Amino acid sequence: VYRPAAIEQLRVLAAQVEVGFVESSGEQDPVDIATRALKTARQQFADVLLIDTAGRLAVDQAMMDEVSRIHQATSPTETLFVVDSMTGQDAANTARAFGDVLPLTGVVLTKTDGDARGGSALSVRMVTGKPIKFIGVGEKIDDLELFHPERIAQRILGMGDVATLVEEVQRKVDHEQAEKLVRKVSRGKKFDFDDFRIQLEQMQNMGGMSSLLDKLPGMGNLSESIKSKMDDREVIRMMAMINSMTPKERKFPNLIIQGSRKRRIIRGSGTQIQDLNKMVKQFNQMQKMMKKMGKSGGGMAGMMKKLQGKLPPGGFPGM
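**Overview of the overall build of the protein**
Part 1 of the argument: Secondary structure assignment for the protein yields 16 helices and four strands.
Part 2 of the argument: Evaluated residue by residue, the protein yields a buried proportion of 39% over its 319 residues.
Part 3 of the argument: Summarising the internal contacts of the protein: among those between residues at least 6 apart in sequence, 63% fall at separations of at least 24.
Part 4 of the argument: Roughly 19000 Å² of accessible area belongs to the protein as shown, and the carbon and sulfur atoms make up 55% of that amount.

**Examining the pairing of strand E2 (residues 106-110)**
Sheet faces and side chains relate simply in a regular strand, where the side chains alternate between the two faces.
Part 1 of the argument: The element E2 is largely enclosed, with a buried count of four among its five residues.
Part 2 of the argument: Taken together, the five bridges between strand E1 (residues 80-84) and E2 define a ladder with parallel strand orientation. Bridge assignment links Phe81 to a residue of E2, and that residue is Val107.
Part 3 of the argument: Bridge count between E2 and strand E3 (residues 132-136): three bridges; the pairing is parallel. Within E3, the position partnered with Val107 by the bridge is Ile132.

**Quick word on helix H1 (residues 6-16)**
Part 1 of the argument: Of all the positions in H1, only Ala6, Ile7 and Ala14 are classed as buried. An end-on view of H1 places all buried positions within 100° of arc, on one side of the element. In H1, the exposed residues that point more than 90 degrees away from the buried face are Ala15 and Gln16.
Part 2 of the argument: Downstream of H1 by one or two residues, Glu18 has phi in the positive range, about 60°.

**Notes on the packing of helix H2 (residues 30-43) against helix H3 (residues 61-74)**
A pair of packed helices is characterised by two quantities: the angle between their axes and the separation of those axes.
Part 1 of the argument: Running from N to C, H2 and H3 cross one another at 25°; their axes reach a closest spacing of 9 Å. Comparing their axes, H3 and H2 come out roughly parallel. Where H2 crosses over H3, the handedness of that crossing is right-handed. Facing Pro30, Val31, Ala34, Thr35 and Leu38 of H2, the residues of H3 in contact are Glu66, Arg69, Ile70, Ala73 and Thr74.
Part 2 of the argument: Grouping the amino acids of the contact of H2 with H3 by side-chain chemistry returns six nonpolar, two polar and two charged.

**Here we look at the environment of Phe147**
Part 1 of the argument: The residue Phe147 is located in the loop between strand E4 (144-146) and helix H6 (149-156) in this model.
Part 2 of the argument: The spacing of Phe147 and Phe134 is 13 residues in sequence and 4.8 Å in space, taken between C-alpha atoms.

Conventions we followed
What you see as residue numbers is a count from 1 along each chain, following the sequence as written. Only residues with pLDDT of 70 or above have their local features reported here, since the model is predicted, and side-chain atom pairs are shown and tallied only from 80 upward, although totals for entire chains, interfaces and linings are computed over all residues. The basis for every side-chain value is the complete set of non-hydrogen atoms in the structure, without hydrogens or water. Working definition: helices are DSSP H or I runs of at least four residues, strands are E runs of at least two. Numbering for both runs from the N terminus. Per-residue accessibility, obtained with a 1.4 Å probe over protein chains only, is compared with the maximum for each type, and a residue is labelled buried under 20%, exposed over 50%, and partly exposed between these values. Contacts are assigned to residue pairs with any non-hydrogen atoms lying within 4.5 Å of each other. Residue burial considers only the protein chains on display, and all accessible areas are found by Shrake-Rupley using a 1.4 Å probe. Strands pair, by our definition, only if DSSP identifies at least two bridges between them. Note that the arc is defined by the directions from the helix axis to the C-beta atoms. Where helices are involved, their axes are fitted lines through C-alpha atoms of the stretch in contact, as for all axes, and angles between N-to-C directions lie from 0 to 180°. Put simply, angles under 35 degrees are roughly parallel, angles over 145 are roughly antiparallel, angles from 65 to 115 are roughly perpendicular, and the rest are oblique. For any pair of crossing helices, the crossing counts as left-handed if the nearer helix is rotated counterclockwise from the farther one by less than a right angle, and right-handed if it is rotated clockwise. Throughout, the ten residues Ala, Val, Leu, Ile, Met, Phe, Trp, Tyr, Cys and Pro are labelled nonpolar, Asp, Glu, Lys and Arg are labelled charged, and all others, Gly among them, are labelled polar.

The values reported here are purely geometric and, on their own, carry no functional implication.
Here you go:
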């Protein structure tokens, strides 16, 4: 009730994830809101009630008293401490303060996509003695993941996290589109720029280049100068160039060799001729790879077997 538009933000979020929302206002006492929400949940035969208490960057006695009163009034099954991993040692200090006031049952660690080494995870776990149950790996609704200690350990040691990568592919990749592409190349049809754009979009849906690099084995050992060249801006530029093409150019990539077409594409996408030439080269490599896969057959399973342990020639788009 303290942060401007916090209630409205919660209302919008509840609508997005299609759950019920209990109305409240800034003038109401948070304890009264929580008890009314519990009563409403029981009347509606809800299975779960989530109470989002006020956030704080530092330990504030009045706020600690408030959250303690909310806990006493509602007797929650779970009391999860949500902490920003970017705050470093402060995260551990705040966790200790909350652990002294509340019987915590677990921790939710957010912004772990910006905390590559996971130091906060180790500190908070040590201080609270409670398990980390979820981690936030981005700003989207589906960027909340179950916490797996061994996977975080692998990332810290630069070993990648293939298990999470596979789960993300299963969850976020459009399998119908993927199968459609397999059938297309299996029938001998050429991989075109429309297909290439779909692959770029799929990669963006999985968190972009930086998220993929973090989970691929061995990529943690790359130098920072190399990593800086493999960011999502490159992918966005490539998509802009493809979007600046005509439907005919996307379907027949060989048309791009004409100078007038190249000039129009780079003007429309705000890029340079070198950017376009580089993307066309990467596209040609991807097209050759798809052609080889098409000959091998075996549908999606055959394509995945062919890819096993290998990157496309030239790496992923943007590398």
